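# Geometric and topological summary
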Amino acid sequence: MKRYFLFLFLLPVVLSSQILTPVKWSFSQVQISDNVYELRSKATIDITWHIYSQFIEDNGPVPTKFTFQPNPDVTFDGKTSEPKGHEEFDPNFDMKLTYFEKEVTFVQKVKITKTTKLKGNVEYMVCAMQCLPPTKEPFEFLLVGKEDVTVETQSLAIPGKTTAATTTPTLTLNLQNPLTFNVPSSHGILDPVKWDIQGVMAPGSKGKYMITFKAAIDKGFHINANKLKEKELVPTTFSFDSLVGVKLKGELNSLSKVVEKKEAVYKEKTRYHEDEAIFTQEFEGELNGYIKGKLEFQTCDDSKCLPAQKVKFEFSIKDGVFKRVEENTTQQVAQTVVGAFPYKHPTIDHNSPLSSCSITSDEIKGKGNWTIFILGFLGGLLALLTPCVFPMIPLTVSFFTKNSKDKKGIFNATLYGFFILLVYILLSLPFHLLDKIDPNILNTISTNAWLNVAFFVVFVVFAISFFGYYEITLPSSLANKADSASNVGGMIGIFFMALTLALVSFSCTGPILGSLLAGSLTSDGGAWQLTAGMSGFGLALALPFTLFAAFPSWLNALPKSGGWLSKVKIILGFIELALAVKFLSNADLVEHWGILKYEVFMGLWILIAAAMLVYLLGKIKFPHDDPFKKWTTARSIIAAFSLACVIYFSAGFRYSNETKTFTSLSLLSGLAPPAGYSIIHPNHCPLNLNCFHSYEEGLAYAKQTGKPIMLDFTGWACVNCRKMEENVWNQPEVFSIINEKYVLISLYVDDREKLPAIMQHDYMTALGKLKHIETAGDKWATFQTETFVNNSQPYYALLSTDEKLLVKPVGYTPKVSEFATYLNCGLDAAGKK
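Residues numbered from 1 in each chain as written. Predicted model: local features only at pLDDT ≥ 70, side-chain atom pairs only at ≥ 80, totals over all residues. Heavy atoms only, no water.

### Some points on empty space enclosed by the protein
Spelled out, the test is: Note on definitions: the grid is 1 Å and covers protein atoms alone; a cavity is a set of points where a 1.4 Å probe fits but cannot get out; a pocket is an open set with protein on both sides within 12 Å along at least five of seven lines; lining residues have an atom within 4 Å of a point. Grid points are joined across faces, edges and corners, and a volume is the space filled by probe spheres set on the points. When residue character is reported, Ala, Val, Leu, Ile, Met, Phe, Trp, Tyr, Cys and Pro are called nonpolar, Asp, Glu, Lys and Arg charged, and the others, Gly included, polar.
One pass over the structure, following the stated rule, counts 3 cavities of 30 Å³ or more. Each pocket or cavity is described by its volume, and for the largest cavity that value is around 50 Å³. Forming the boundary of the largest cavity are Tyr-598, Met-602, Ser-664, Leu-665, Leu-668, Ser-669, Ala-672, Pro-673, Pro-674, Ala-675 and Glu-726. Looking at side-chain class alone, the lining of the largest cavity contains 8 nonpolar, 2 polar and 1 charged residues.

Have a look at this one:
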């Protein structure tokens, strides 16, 4: 019941379209002696919200938990400490809880043997009148050993400047080739701070760079220090929005004297710099790269503070030469620096194509949700025939009709059916929250190799269970609690009756639900596809209880429960095995393992279909399975279907002279791997078309030939992509246009092949999120979302050789005539028809 209440708290957040982030974490370290540090994790919490202590008893809310990655160079001195928090008895959890409001700092003391990095994360749950799902915040500390630090007092003079030297503690580096520029101010008459930002590189040491930020401050003014306790003031901060080919080396160094002063108007001591302030940040990396960032500072005097100001800075690294970037050449540098890519392409406006001639795929997208709904409904009907659900129908209907008057019994049965539907819809709601957090997250989840491997294992386990070797059920305590709650009576009691049915039937419905979950968990329709599928499934389960309550005489037409139900489970077991192979194939395609090539996949499906046929012929017997006594119509139909599958799957091994590989089967489009993913007849492009998997290479070829570009955002595990390639592209009126008139560039958004180290970097998206670009799939997915504001696949965009959008892009378009019209529209706009 406690977890049920927690779910009620989470529900309003799941339903909300706004992503709440009431906790901001900051991480710092303090060296308290040689090689001994205090790691400080500070949570700043919005008003009315709170997070929980690390020390919460079982069955309570999620406690705050710090997890550190193992590091042999780090020794932990005790556990992570926390201050005294608020204590209060919480009736929802029936226990006294400790929590923190406004802000809290956790401290972990460590000792190191040498310079090292310590990584980890903090898991926490934040609550107010509602609770957000538990969240993990990653952190990383750079701990410098005594032998790696050289701090000395010396005269610091900025190279190339004539300002007076100052005596200050500084980090020594032999630097040359300073690059200095003045940053103008645009914040009104008062301009008491002038910034000099210098880029320098270390001589004789490749790949080491440093940026020095020097502020010249007018007399009577000061700027706030980098670290402040007083929250009403803005600290001087430095952020790096884009790092290409380089990474930060250590933390920001403040090399100027900090003045601390207690002022009456502030609670805490103010910390600031007078006359001048110098900060340095070191970098290390490759000989080609790009650095973009900004600094924010606030200037004050004894009577007032000016509004906070921001100063942008950019540097390029080309063949080891470190130099500034002028503002008007930023885009050019971003395109020429190795590893940088214009994710938000400056010449492509997805809202303003050159021609209005096109088609729309909105109706098709709507049909996609209806298709998922119908598939879910069929899955629900199939679940009705399982031994976990079918015997429940007459028993439940009799309960409602015998214990109530006719009208009330029908109403209760209808309410019972509605609650069954509601339970399955509620199961899809958490995925809507994930979809809001990151538009690409559902596609990332569905194409994750290890998740697909997990589905493979789960489905094999379910299949063996269906064969009767063991039974899979949810914990009996869960079902017992729901069953006890159903005795309450009224609407609440009926709701828990529906929940009880969902729990006790899990061993039969779980595999079907799993198929539905994995099949619809893509970015094509977002979480709404999953909701549509769950709605169809729940409606199919709910309808019989309502209809049979309204028409009790129909119960006489139902077949009696018996051995045929176990045979239905065994047949479902064969289907589960086939689906398990499909999920393993998804992982194989994404990771390019090469273990489930086209021939292996088709061979396994033929064996599974043949095994089901042999079972229906009575040649195989499973535990708890009654022998076949006679041929029935249903048995004959399913046996004929199995034989037809064997024959049809075998037809997939026919060789095609047109595609130079095996013949794709239209009914298996999106289920089987592409025919070109073959051991005997490999082909790296769909239908043996000439294609590029790099935008840059394809663009260069298009400029050379003068042909327009067909940009194909696709995925290895994308079902509708395979349907388009094998059912639409293969038609003569489409194939000839793509093959002869366009340069095809197929970009796989789920490609897990890692980019070279120099091309891996962080990118600030249009939504203000910092995204790490590590794989080819990351690069192409970001290109699609940033330039075209779309994250579904397939997605087709037609471009001119000067990278202008010809017509409005389209998605899944199963009608051959419509897609041919779309391609011809692009040719008209390019003047190439």
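From this point, the discussion proceeds with the structure in view.
### Here's the deal with the state of the cysteines
Stated formally: For this text, the term disulfide refers to a pair of cysteine sulfurs within 2.5 Å. Helix and strand assignments come from DSSP, with helices taken as H or I runs of at least 4 residues and strands as E runs of at least 2, each series counted from the N terminus. A 1.4 Å probe rolled over the protein chains alone gives each residue an accessible area, and that area as a share of the maximum for its type sets the label: buried under 20%, exposed over 50%, partly exposed in between.
Tallying each qualifying case throughout the model produces 2 disulfides. The disulfide that involves Cys-357 links it to Cys-825, with 2.0 Å between the sulfurs. The sign of the S-S torsion, about -55 degrees, decides the handedness of the disulfide formed by Cys-357 and Cys-825: left-handed. Here Cys-825 lies in helix H20 (residues 816–830) and Cys-357 lies in the loop between helix H2 (330–336) and helix H3 (362–384), a separation of 468 residues in the sequence. Residue Cys-685 pairs covalently with Cys-691 via a disulfide, S to S 1.9 Å. Disulfide Cys-685-Cys-691: torsion about the S-S bond near -80 degrees, hence left-handed. Given a relative accessible area of 13%, Cys-685 falls into the buried group. Residue Cys-691 is classed as buried on the basis of its relative accessible area, which comes to 14%.

### Considerations on the sheet that holds strand E2 (residues 36–45)
The condition that has to hold: At least two DSSP bridges between two strands are required for those strands to pair. Lines fitted to C-alpha atoms define the axes, with helix axes restricted to the stretch in contact, and inter-axis angles between N-to-C directions lie between 0 and 180 degrees.
Reading across the sheet, the 4 strands line up as E1-E2-E8-E5 and stay open at both edges, with antiparallel pairing between neighbours. Strands at the two margins of the open sheet, each flanked by one partner only, are strand E1 (23–33) and strand E5 (74–81). With strand direction ignored, the average angle separating the axes of adjacent strands in the sheet is 20 degrees.

### Focus: the environment of Leu-744
Defined as follows: The contact criterion used throughout is that any non-hydrogen atoms of two residues lie within 4.5 Å.
Along the chain, Leu-744 turns up in strand E29 (residues 743–748). Accessibility expressed as a relative area gives 1% for Leu-744, which makes it buried. Sequence separation between Leu-744 and Ile-709 is 35 residues; the distance between their C-alpha atoms is 6.2 Å. Once you skip the residues sitting within four places of it in the chain, Leu-744 turns out to touch Leu-689, Asn-690, Cys-691, Phe-692, Met-710, Asp-712, Trp-729 and Ile-738.

### Some details on the sheet that holds strand E6 (residues 86–90)
What the 4 strands build is an open sheet, ordered E6-E7-E3-E10; its pairing is antiparallel. The open sheet terminates on both sides in strands that have one partner only, identified here as E6 and strand E10 (126–127). Pairing geometry for strand E3 (residues 50–52) and strand E7 (residues 95–101), over 3 bridges, is antiparallel. When the bridges of E7 are listed, His-50 appears paired with Glu-101.

### Topic: a nonpolar patch on the surface
Spelled out, the test is: Two joining distances apply to patches: 9 Å for like charges and 5 Å for nonpolar side chains (Val, Leu, Ile, Met, Phe, Trp, Tyr), and every residue must have over 30% relative accessible area and no salt bridge. For the area figures, the Shrake-Rupley method with a 1.4 Å probe applies, and any residue is considered shielded solely by the protein chains shown. Any carboxyl oxygen of Asp or Glu that lies within 4 Å of a side-chain nitrogen of Lys or Arg is treated as forming a salt bridge with it.
The grouping of Val-457, Val-461, Ile-464, Tyr-469 and Tyr-470 at the surface amounts to a nonpolar patch, some 420 Å² of accessible area in total. For Ile-464, the position within the fold is in helix H8 (residues 449–466). Using a relative accessible area of 31% as the deciding quantity, one classes Ile-464 as partly exposed.

### Regarding H8
As a reminder of what qualifies: Under the convention used throughout, the expected extent of a helix is 1.5 Å for every residue step, that is, one less than its residue count.
Relative to the 26 Å expected for 18 residues at 1.5 Å per residue, H8 spans 26 Å between its end C-alpha atoms, a close match to the ideal helical length. The positive-phi residue at the C-terminal boundary of H8 is Gly-468, with phi of around 95 degrees.

### Considering the pattern of salt bridges
Following the criterion strictly, the structure yields 9 salt bridges and no others. Glu-140 is the partner of Lys-117 in a salt bridge, and the nearest nitrogen-oxygen pair spans 3.4 Å. Of the two residues, Lys-117 is situated in strand E9 (residues 116–124) and Glu-140 in strand E11 (residues 135–143); the sequence distance between them amounts to 23 residues. Taking the relative accessible area as the measure of exposure, Lys-117 reaches 36% and is therefore partly exposed.

### Remarks on the nonpolar core
To keep it simple, the criterion reads: What we call a nonpolar core is a set of buried Ala, Val, Leu, Ile, Met, Phe, Trp, Tyr and Cys residues that are connected through their side-chain atoms within 4.5 Å.
Core analysis: the largest hydrophobic core is formed by 32 residues, its most contacted members being Phe-574, Met-602, Trp-605, Phe-649 and Leu-668. The element contributing the most residues to this core is helix H14 (residues 598–616), with 11 residues. In this structure Met-602 touches Phe-649, Phe-653, Leu-665, Leu-668 and Ala-672, once residues within four positions along its chain are discounted. Counting 27 residues, the second largest nonpolar core, distinct from the first, contains Met-710, Val-728, Phe-735 and Leu-744.

### Side note on the packing of aromatic side chains
Basically, it comes down to this: Pairing of aromatic rings covers Phe, Tyr and the six-membered ring of Trp, with a centre-to-centre limit of 6.5 Å; geometry is then stacked below 30 degrees between planes, edge-to-face above 60, and tilted otherwise. The criterion is that NZ of a Lys, or CZ of an Arg, lies within 6 Å of the ring centre and within 35 degrees of the ring normal, and then a charge sits over that ring.
A full pass over the atoms with the stated rule returns 44 aromatic pairs. Plain terms: the ring middles of Phe-418 and Phe-419 are 5.7 Å apart, the flat faces sit at 50 degrees to each other, and that makes the pair tilted. A relative accessible area of 46% means that Phe-418 is categorised as partly exposed. By relative accessible area, which is 8% here, Phe-419 ends up buried. Between Trp-716 and Tyr-748, the ring centres sit 4.1 Å apart and the planes meet at 15 degrees, which makes this aromatic pair stacked. Here Trp-716, found in the loop between strand E28 (709–714) and helix H17 (719–728), pairs with Tyr-748, found in strand E29; they are 32 residues apart in sequence, far enough to count as distant. With respect to burial, Trp-716 and Tyr-748 carry one shared label: buried. Grouping aromatic residues by their ring pairs yields a cluster made of Trp-25, Phe-27, Phe-66, Phe-68, Phe-76, Phe-100, Phe-106, Tyr-124, Phe-139 and Phe-141. Over the ring of Tyr-677 we find Lys-597, and its NZ or CZ is 4.3 Å from the ring centre.

### Side note on the environment of Lys-310
Relative to the assigned elements, Lys-310 resides in strand E23 (residues 309–318). On the basis of relative accessibility, which here comes to 51%, the residue Lys-310 falls in the exposed class. Distance from Lys-310 to Thr-236, taken between C-alpha atoms, is 9.8 Å for residues 74 residues apart in sequence. Contact partners of Lys-310, with chain neighbours within four places excluded, come to Lys-294, Leu-295 and Glu-296.

### Some words on the packing of H14 against helix H15 (residues 633–650)
Inclusion rule: Oblique is the label for any angle not covered by the other classes, which are roughly parallel (under 35 degrees), roughly antiparallel (over 145) and roughly perpendicular (65 to 115). In this scheme the crossing of two helices becomes right-handed for a clockwise turn of the near helix relative to the far one and left-handed for an anticlockwise turn of less than a right angle.
Taken N-terminus to C-terminus, the directions of H14 and H15 make an angle of 155 degrees; their axes are 9 Å apart at the nearest point. When the interaxial angle is binned, H14 and H15 end up roughly antiparallel. The hand of the H14/H15 crossing is left-handed. Facing Met-602, Trp-605, Ile-606, Ala-609, Ala-610, Met-612, Leu-613 and Leu-616 of H14, the residues of H15 in contact are Arg-635, Ile-638, Ala-639, Ser-642, Leu-643, Cys-645, Val-646, Phe-649 and Ser-650.

### A few points about the side chain of Thr-813
Where we set the bar: Two N or O atoms count as a polar contact when they lie within 3.5 Å, although within protein this holds only if one can serve as hydrogen donor and the other as acceptor, and sequence-adjacent residues are included solely when both atoms are side-chain atoms.
Its location among the elements puts Thr-813 in the loop between strand E32 (795–799) and H20. Take Thr-813: its relative accessible area is 0%, and that puts it in the buried class. Only 2.9 Å separates the side chain of Thr-813 from the backbone oxygen of Gly-811, close enough to count as a polar contact.

### Comments concerning helix H16 (residues 695–705)
Cut-off, in case you're wondering: The reported arc concerns the directions from the helix axis to the C-beta atoms and nothing else.
Every buried residue of H16 is accounted for by Tyr-695, Gly-698, Leu-699 and Ala-702. Around the axis of H16, the buried residues are gathered within 100 degrees of arc, so they sit on the same side. Turned more than 90 degrees away from the buried face of H16, the exposed residues are Glu-697 and Gln-704. Contacts from the buried residues of H16 go to strand E27 (691–692), E28, E29, helix H19 (776–788) and E32. Two residues or fewer after H16 comes Gly-706, characterised by a positive phi angle close to 80 degrees.

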